[in-house]
Amino acid sequence: MGNGRAVFTAGENAMNDQPGGTRLWSTDGTAAGTFPLTSFTGANSLQRFDQFTAVRGKVVFAAATPADGIEPWVTDGTVAGTSQLKSINPGVGDSGPRYFAKLGDGRLVFQAETGPNEGLWVTDGTPAGTTLVVGSLYASQITALANGTVAFFGRPVTSTGGDALYVSDGTAAGTRTVVPINSTALSINTQFIAPLSGGTMLFKASTAATGSEIGISDGTAAGTRLLRDINPGPDNTSFADSVVPLGDGRAVFRAYEPATGFELWITDGTIAGTVQLKDINPGAAGSNIQFMTAFAVSAPTPTPTPTPTPTPTPTPTPTPTPSNIAAIIAANLPASAYSTFGYLAAASALGALPGAAGAVASSSAARTFAAAVAGVANVAVATGGGTVAL
C-alpha cells in the first residue's frame, strides 16, 4: 500500500466462500498491528472479495454486502478508512467491477459490467473521483501501457458483432477506437494485450491471408498491423500466447510452426526482430513452455554528478604605489632583509614603513629605489641573490 501496511482476506471457518466465512484483514507486520477491517454482521459485513488493486496509497477491491451487490470498495488499511467507493448499480444487483488497470497519473480504469451504469469507469480512490468515462460500453482485458494510457477490447452493449481495440487516457474525449468492430483488414482476437514500449502493444489478430497470428499497434489505425506470419498460410495459425513483456521494449512468447512445434519466440516489435529465440526441444515435437514470468524492472539508479570543487579565488596582488610600497615590502620580505638590501632606507624615504622614520636613505641604491617607487607601479629591485618583483 506504500504506507507500511498490507491487506488480505482470511477464512475463519470451513465455509470460507459463504457469508460469515471470510473477513478483510490489515497488518503492519506485527501481531498487535494485525486486525480485521470487516465484520461478519452489519454494514461492513463483506463477502465475495476480488480485484485487489493499489491506487494512490490505498487499495481498491470488489466486494458485496447483504444489502448491496458487488461494488467497488476502498481501504487505507484502517477500519475507519474502509468503505464503499460508489454503488454503481444501486440495490442488491451487482455492478461487477473488474479489469482494474493503472493510468500514468495513478488513477485506475475499470469496467462496471452490469446495471444501468455499465461502462468504462475511472477512480482515484475517493467517491468524488469515481466517475463514468464512457457509458453503455463493455470493456475487457484493460491493460496499462508504458505511455500512461490503457488499451482494451470493447463494444457497445447493444452490439451483436465482435470487439474493437480501444485506447483511453481516462477521459471520454481521450477514449477512441483503434481497430473497429468487424474490421475486414484485421480481425481482433480478445485473448491478450501485452505492452511493449510507449503506447505500443501486442495482441492476437488475423487476416484472410494469414490466419491467427500476432498483431502490433502504436495506438493509431495507421500504426496497427499483423506483426509476422509465423506459420504461413490462410488456414494456419501460430497459436501465439503466453506473451510476457521484458520491460525493455521486447517480449517473449510461445508460438508454433511445423518444423519445431511450440517453442520460445521473442519480438522487439519489428518483423526482423520477431524470431525463434531457442529451439529447446529440437524437432517437430516442440517444448512444453509454461509459467513464463518477467522480473520487475527497476529504473537504474542514476550516477551522482560530482559536485565540482570550487576554484579558490586568488588574492589580488596590490599594485605598488607610493603609499603602499613599504607595506608590500614588509609583507613579502623578512625584516632582516630591509637593511641588507637598503629597503629600510627606501621605505623611510617614502615615510610609509612603521619604525623606519629614523632611517636615512644614504645609499645610492636606496635613493634610486625610493625615486623609482615614487612614480612607477611595478618595480624590480636588484638584490644580491636575484630580483624581487613588486
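Report follows, based on the coordinates. (Residues numbered from 1 in each chain as written. Predicted model: local features only at pLDDT ≥ 70, side-chain atom pairs only at ≥ 80, totals over all residues. Heavy atoms only, no water.)

Digging into the overall build of the protein chain
- Each helix and strand in the protein chain was counted, giving four helices and 25 strands.
- The buried share among the 390 residues of the protein chain stands at 42%.
- Restricting to contacts in the protein chain with at least 6 residues of sequence separation, those with at least 24 account for 37%. (Helix = DSSP H or I, 4+ residues; strand = E, 2+ residues; numbered from the N terminus. Buried < 20%, exposed > 50% of the residue type's maximum accessible area, 1.4 Å probe, protein only. Contact = heavy atoms within 4.5 Å.)

What about the sheet that holds strand E11 (residues 131-135)?
- Taken together, four strands build an open sheet; the order of strands is E8-E9-E10-E11 and the sheet is antiparallel. Each having just a single partner strand, strand E8 (97-102) and E11 make up the two edges of the open sheet. Across the sheet, the mean angle from the axis of one strand to that of its neighbour is 25 degrees, orientation sign disregarded.
- As paired elements, strand E9 (residues 108-112) and strand E10 (residues 119-123) share five bridges and run antiparallel to each other. Pairing of Gln111 across the sheet is with Leu120, part of E10. (Pairing = 2+ DSSP bridges. Axes fitted to C-alpha atoms, helices over the stretch in contact; angles between N-to-C directions.)

Section: the environment of Ala185
- Along the polypeptide, Ala185 turns up in the loop between strand E15 (176-179) and strand E16 (187-195).
- Between the C-alpha atoms of Ala185 and Arg225, which are 40 residues apart in sequence, the distance is 8.8 Å.
- When neighbours within four sequence positions are excluded, Ala185 is seen to be in contact with Ser206 and Thr207.

Concerning the environment of Gln276
- Secondary-structure assignment places Gln276 in strand E23 (residues 275-278).
- By relative accessible area, Gln276 is classed as partly exposed at 24%.
- Here the alpha-carbon distance between Gln276 and Glu263, two residues 13 residues apart in the chain, equals 7.2 Å.
- Each residue touching Gln276, except ones within four places of it in the same chain, is listed here: Glu257, Thr260, Glu263, Leu264 and Trp265.

So, the sheet that holds strand E2 (residues 22-27)
- On the basis of which strands lie adjacent, the open sheet formed by three strands has the order E1-E2-E3 and antiparallel pairing. Bordering the open sheet on either side are strand E1 (6-11) and strand E3 (35-36), each of which pairs with just one other strand.
- When E2 meets E3, the two strands line up antiparallel, connected through two bridges. When the sheet's bridge partners are listed, Ser26 is paired in E3 with Phe35.

Section: the pairing of strand E13 (residues 150-156)
- For E13, a buried count of five out of seven residues is recorded, marking the element as mostly surrounded by other parts of the structure.
- Between strand E12 (residues 137-144) and E13, which pair antiparallel in sequence order, lie five residues; one of them, Gly148, sits at a positive phi of approximately 90 degrees.
- Strand direction decides the pairing type here: E13 and strand E14 (residues 164-168), joined by five bridges, are antiparallel. Each bridged residue has a counterpart across the sheet, and for Phe152 the counterpart in E14 is Tyr166.

Brief notes about the packing of aromatic side chains
- A complete count under the given rule lists ten aromatic pairs for this structure.
- Here Phe100 and Phe110 contribute two aromatic rings whose centre-to-centre distance is 4.8 Å and whose plane-to-plane angle is 25 degrees, an arrangement assigned as stacked. With Phe100 in strand E8 and Phe110 in strand E9, this residue pair connects regions lying ten residues apart in the sequence. Residue Phe100 shares its accessibility class with Phe110, and that shared class is buried. (Phe/Tyr/Trp six-rings, centres within 6.5 Å; stacked < 30°, edge-to-face > 60°.)

Side note on the environment of Tyr256
- Summarising the element assignment, Tyr256 is placed in strand E21 (residues 251-257).
- For Tyr256, a relative accessible area of 24% translates into the label partly exposed.
- Measuring from C-alpha to C-alpha, the distance between Tyr256 and Ala240 comes to 6.9 Å, with 16 residues separating the pair along the chain.
- In contact with Tyr256, not counting residues within four places along its chain, are Ile230, Asn231, Thr237, Ser238, Phe239, Gly261 and Phe262.

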